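# Notes for the structure review
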Amino acid sequence: MAKLLSPHLAFCAENHRAFSSSSCSSFGPTSSSTKPVKFPNRSREQRTSISAPKKGSLNPKRNTQKLNLEVSPHRAVSVVRLMRIELGGAFADLLNEKGKGSGENEMAYVERTLGFRTRGLEDRDLRLVTDIVGGTIRWRRYLDHLICSICHDDKTFRNIEPLLLQILRIGVYEIVKLDMPPYAVVDENVRLAKVALRPGAGNMVNGILRKLALLKENNSLPVPKLEGDDRAQARALATLYSHPVWMVRRWTKYLGQEEAIRLMKWNNEDPSFSLRANSGKGVSRADLMTKLNLLKVPHEPSSHLNSFVRIKTGLQIVIQAGLLKEGLSSVQDESAGLVVSVVDPQPGEHIVDCCAAPGGKTLYMASLLNGQGMVSAIDINEGRLRILKETAKLHQVDDVVTTIHSDLRVFSENNALKGDKVLLDAPCSGLGVLSKRADLRWNKKLEDIEELKNLQDNLFDAASLLVKPGGVLIYSTCSIDPEENEERVAAFLQRHPEFRIDQVHQFVPPEFVTSSGFYSSNPVKHSLDGAFAARLIRTS
């Protein structure tokens, strides 16, 4: 947020004393150019459970449930969602795709967490929640830099309790990134802090947000300087564009600094979505576009895939209209659809989908079989596999989908199943989908890449056992990292000389074909999620 709080404020925050707005004015000015703040780790012990709030965990008065008509419903829901995502392990993308009835569900979480309800959520409120939650998560590092700069020291920032920190992040995001009127942002977030916590918390929010608004008005927000060695520059860029430092350093290494900045900018933009018309249920793209016209949802046909339609806004409208629930369409990025193009399913073929759940590619492949052939969907997660099976029935492709609950590494060693085509959509870092999965950047560590590479190699070997002679093995990820993509394929081919590369130029448009004959989508270049696929033929 900006630079306002001093040790005096820290004392007030730690002791839960009232912090008057007049005392905020005593804080000195802050320079507009600062070093990126090195954020202290907020330990698990500081985190508060929000699934079942305990007495006194967030507010000693929280047992009293009541209706509060002064607090904006979208702000109350947003702050609780952020708590659930950061502290409770929920996923931002799943939370943002709820349909009818979700308003009541969200308000139940608000009541359990904050101890009161607001007025009911309207459609406009739900859209605001999506915007605020997604943006606050994406810009978290930058927002924390501003807050910490205003606080003047790490200790004050570290001692801000989780709920109060989320309220502050929302307010800073609304002022700095949404350009909302500062007076309204200050007033409403102060009110939320006072009702959800205590008067002193509201005074703290008042001081920080007022100082932030002044800094923004004077064009003097603290900005890290892009100077020094590679590490220092990576830290500055990580703060400016709100990504983990290790990602910035990795992308700078592989892409160069300018391309890394473009990628981070893409990740911070509001994502666009694609809908796939469900041909298995007889729905064409023209049918889907007719329904979107009736719903007044802006859209355009995909230039790469005949069944896909792009939408920038209006996903909540699509969901609430029942287009997904009735199985008429699916939310699926074109990058994933192009992976299926690399597989090239043909009627009569037996296709094995090795890590199938949640099933987007499984269902698309099944629809292309036109009722002839079979997709064997293998996954280790029984619950997600059950959902896949139910969705296949909804999409009317269950006659060509068989689910198999098993660890692929065990299954391939003990079964004689052989497929004409085998798709291994491998577990990966997800570095190609950070635009849609706003929280993912904060949940991944550099060490995860090494662990994933070992898992990918093991699954690659296991999947190869299921390919019949002359059959095709497709390895894919939703990552843009060469160590998870090209390097895994190269390592596999060294271990398995019985496979050779089958170039993908005949299956996808030329702009997606790499010099090695692989499929690769680039978020910046193609305005799609990042994805990769290699097509390999078993020669013996």
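Residues numbered from 1 in each chain as written. Predicted model: local features only at pLDDT ≥ 70, side-chain atom pairs only at ≥ 80, totals over all residues. Heavy atoms only, no water.

## Focus on the packing of helix α12 (residues 230–240) against helix α13 (residues 245–255)
- Where α12 contacts α13, the two axes come as close as 8 Å, and the packing angle between them is 120°. The crossing of α12 and α13 is right-handed. Seen from α12, the contacting residues are Arg 231, Ala 234, Arg 235, Leu 237 and Ala 238; seen from α13, they are Val 245, Val 248 and Arg 249. (Axes fitted to C-alpha atoms, helices over the stretch in contact; angles between N-to-C directions. Helix = DSSP H or I, 4+ residues; strand = E, 2+ residues; numbered from the N terminus. Left-handed = near helix turned anticlockwise from the far one by under 90°. Contact = heavy atoms within 4.5 Å.)

## Points about the side chain of Glu 106
- Mapped onto the elements, Glu 106 comes out in helix α5 (residues 102–114).
- In this structure the side chain of Glu 106 is engaged in a polar contact, spanning 2.9 Å, whose partner is the side chain of Arg 81. (Polar contact = N/O pair within 3.5 Å; in protein donor to acceptor, adjacent residues only side chain to side chain.)

## Things to note about the sheet that holds strand β6 (residues 300–301)
- Ordered by their spatial adjacency, 4 strands build an open sheet running β6-β7-β5-β8, and the pairing between neighbours is antiparallel. Of all strands in the sheet, those with a lone pairing partner are β6 and β8 (329–331), marking the two edges.
- As judged from the 2 bridges shared by β6 and strand β7 (residues 308–311), these two strands associate in the antiparallel manner. Across the sheet, the residue bridging to Pro 301 is Val 309, located in β7. (Pairing = 2+ DSSP bridges.)

## Regarding the confidence of the model for the chain
- Of all residues in the chain, 85% have pLDDT values of 70 or greater, and the mean over the chain is 87.
- Here residues 1–33 is modelled with pLDDT under 50, and outside its nearest four sequence neighbours on either side it reaches 102 contacts, counting other chains as well.
- Every residue in residues 39–64 scores below 50 in pLDDT, and together they form 51 contacts with partners more than four places removed in sequence or on other chains. (pLDDT = per-residue confidence, 0-100.)

## Details of the packing of helix α7 (residues 140–151) against α12
- The interhelical angle for the contact between α7 and α12, taken along N-to-C directions, is 95°, at an axis separation of 6 Å. The orientation of α7 with respect to α12, classified from their angle, is roughly perpendicular. Residues Arg 141, Tyr 142 and His 145 of α7 form the contact with α12, whose participating residues are Ala 238, Thr 239 and Leu 240.
- Classifying every residue of the contact of α7 with α12 by side-chain character gives 3 nonpolar, 2 polar and 1 charged. (Parallel < 35°, antiparallel > 145°, perpendicular 65-115°, else oblique. Nonpolar A, V, L, I, M, F, W, Y, C, P; charged D, E, K, R; others polar.)

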